Amino acid sequence: MGLEMEVMSEAAPAAAREHGLDIYPLTRYYFGARDAAAGVPRGLETAADRALRLKANFAAHGLRTSVHGVLLVELFDHPHLLLLQVRNSSFLLPGGRLRPGEEEVQGLKRKLSSKLSFVDDDQAIEEEDDWQIGECIGMWWRSEFEAIPFPYMPPSFRAPKECIKLFLIRLPMSRQFIVPRNMKLLAVPLSQIHGNAQVYGPIISGIPNLLSKFSFNVISD
């Protein structure tokens, strides 16, 4: 018993290091704007238009896989999550749908660059590759195109329509974020998001629970 306890105590610091996360002050990041891409932003689609688009994509490519980034900053000594908001409407995590055959990490880098830098979606593959993609911290499934996502695959899901994956993004000490003008990039405290599915939806509101295994190293100015 004593030997087991000693081994466990030695393993604990290693686990803490593995799940440690440095969070830097919001003031160390630069925020700018650029012209919006053509087309209707996803957050402003009607339910009917979105369903038609998803059905067409499913018929052409099968299961839709979406990847999104969880980016944290410090403000008032508290971790804040960076969220996109479309014209004061819905809140979104930066990310999006993978292309057919696209690898998850490369696809997420492309989507982060297209949402949070100067380049658009077509240029993002080569232009920006410095995102540090961490581990996948959560996965959800949709049974139908407009169904509420589940954080597991229920037995009744015979042909899921979408798989949604969240990846932790380890931000550097400073960088610039350039967002399309039809969107806002907001820093929202985890305490405000926690359990608030009515405002942020089931996926975003569950992120504080997913982050509970991490030890935050909040670095203040």
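Preceding this section is the structure that the text describes.
Residues numbered from 1 in each chain as written. Predicted model: local features only at pLDDT ≥ 70, side-chain atom pairs only at ≥ 80, totals over all residues. Heavy atoms only, no water.

The next thing to look at is the side chain of Arg110. Position of Arg110 among the secondary structure elements: in helix 3 (residues 104-116). Of note is the side chain of Arg110, whose polar atom sits 2.7 Å from the side chain of Glu102. (Helix = DSSP H or I, 4+ residues; strand = E, 2+ residues; numbered from the N terminus. Polar contact = N/O pair within 3.5 Å; in protein donor to acceptor, adjacent residues only side chain to side chain.)

This part takes up the packing of aromatic side chains. Geometry of an aromatic ring pair is reported as the spacing of the ring centres plus the angle between the planes. Scanning the entire structure with this criterion turns up five aromatic pairs. Residues Tyr29 and Phe177 carry aromatic rings whose centres are separated by 5.7 Å and whose planes lie at 45 degrees to one another, so their mutual orientation is tilted. With Tyr29 in the loop between strand 1 (20-23) and strand 2 (30-34) and Phe177 in strand 9 (residues 176-180), the pair connects residues that are 148 residues apart, well separated along the chain. Summarising the burial analysis for this pair, Tyr29 and Phe177 share the class buried. Relative to Tyr152, the ring of Phe150 lies with its centre 5.6 Å away and its plane at 75 degrees, an arrangement referred to as edge-to-face. Exposure remark for Phe150: the relative accessible area of 32% places this residue in the partly exposed category. Every member of this aromatic cluster is reached through a ring pair, and the members are Tyr29, Phe31, Trp131 and Phe177. Across from the ring centre of Trp131, 3.7 Å away, lies the NZ or CZ of Arg175, which sits over that ring. When the ring centre of Phe177 is taken as origin, the NZ or CZ atom of Arg175, which lies over that ring, is 5.8 Å away. (Phe/Tyr/Trp six-rings, centres within 6.5 Å; stacked < 30°, edge-to-face > 60°. Buried < 20%, exposed > 50% of the residue type's maximum accessible area, 1.4 Å probe, protein only. Lys NZ or Arg CZ within 6 Å of the ring centre and 35° of its normal.)

As a further point, take the pairing of strand 1. By the alternation rule, side chains of strand 1 split into Leu21 and Ile23, which are all buried, and Gly20 and Asp22, of which none is buried. As defined by bridge partners, strand 1 adjoins strand 11 (residues 215-218) across four bridges and the pair is classed as parallel. Looking at the pairing, Ile23 lines up with Val218 of strand 11. (Pairing = 2+ DSSP bridges.)

Shape descriptors only; they carry no functional weight alone.
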